[in-house]
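# Examining the three-dimensional arrangement
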Amino acid sequence: MSESQESEGTTQRLPVLEKETGPEPLDQSASAADYEPPTALDGDGGRERRFWSARRIPAAITALVVLFLAGVFLYDIAAVRADRAGMRWRRGLAHQLAERPLDDIWVLVGAGVVAVLGLWLLVLAATPGLRQVLPMRRTHTDVRAALHRDLAALVLRDRAMEISGVQSVWVRMGRKRADVRAVSHFRDLDDVRTDLDATLADAIRGLGLSRPPALSVHVRRLGRKG
């Protein structure tokens, strides 16, 4: 009956779980881009074509130039038909074109300028333009919507600034990729980048783009002053 028992004052040491942090994470200066982007970005609701630009400025310039030249030549032809002398510059131009050989430097330069202008007009006519506008998924057959790149970049920047540890963010939104560069002033950089991956992937899905861009995230820490 002399058996002694432990009273209420006894304590038991709990095991301690040590987190493997690697070699001094606070000295890490950058967490960079050797990783796969979130796989949830490739689900979209169809491929919408880009919006076509109205090309108002090139069309207006071309129309004014053609109208001016047509008016000048029409006036000259009417003057000749009315037994008046033709314009001096037109007679000089006709004389030069009749006498100069085809391999003359000024003839080649003029032909090159005209060819470049014609090629430029063909490119404008065959390409959609509006590279700053990103088409969105069409939810209604009669409605098409688009989002400007700057606005999309602003949305991603605002979402990135909500992440704990992010001090500043720079976002460049392209048609195929969104480049995000963040500066962190505390927390482990890999943890910040992981949170940015998840948050920005969700933000890109929320934009409703027809072709969601790939995500590239780079996080760094500013060097200590002094």
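Our subject is the structure that appears above.
Reading the values: the criteria
Residues numbered from 1 in each chain as written. Predicted model: local features only at pLDDT ≥ 70, side-chain atom pairs only at ≥ 80, totals over all residues. Heavy atoms only, no water. Helix = DSSP H or I, 4+ residues; strand = E, 2+ residues; numbered from the N terminus. Buried < 20%, exposed > 50% of the residue type's maximum accessible area, 1.4 Å probe, protein only. Contact = heavy atoms within 4.5 Å. Patch = residues over 30% accessible without salt bridge, like charges linked within 9 Å, V, L, I, M, F, W, Y side chains within 5 Å. Areas by Shrake-Rupley, 256 points an atom, 1.4 Å probe, with all protein chains shown as cover. Salt bridge = Lys/Arg side-chain N within 4 Å of Asp/Glu carboxyl O. Lys, Arg positive; Asp, Glu negative; His and termini not counted. Charge placed at Lys NZ, Arg CZ, Asp CG, Glu CD. Axes fitted to C-alpha atoms, helices over the stretch in contact; angles between N-to-C directions. Left-handed = near helix turned anticlockwise from the far one by under 90°. Nonpolar A, V, L, I, M, F, W, Y, C, P; charged D, E, K, R; others polar.

## Quick notes on the overall build of the protein chain
A count of helices and strands for the protein chain gives five helices and six strands. Reading the helices (α) and strands (β) of the protein chain from amino to carboxyl end gives β-α-α-α-β-β-α-β-β-α-β. Counting over 226 residues, the protein chain shows a buried share of 24%. In the protein chain, the proportion of contacts linking residues at least 24 apart, taken out of those at least 6 apart, comes to 67%.

## A short note on unusual backbone geometry
We note that Asp83 has phi near 60 degrees; this positive angle belongs to a residue other than glycine. Relative to the helices and strands, Asp83 resides in the loop between α1 (56–81) and α2 (88–99).

## Some thoughts on a positive patch on the surface
Together, Arg131, Arg175, Lys176 and Arg211 make up a region of like positive charge exposed at the surface. Here Arg211 shows up in the loop between α5 (189–207) and β6 (214–220).

## Details of the packing of helix α4 (residues 149–161) against α5
Look at α4 against α5: their axes get within 10 Å of each other, and the N-to-C directions meet at 145 degrees. By crossing handedness, the relation of α4 to α5 is classed as right-handed. Contacts between α4 and α5 involve Ala152, Val155, Leu156, Arg159 and Ala160 on the former and, on the latter, Leu196, Thr199, Leu200, Asp202, Ala203, Ile204 and Leu207. Of the residues contributing to the contact of α4 with α5, the split by class is nine nonpolar, one polar and two charged.

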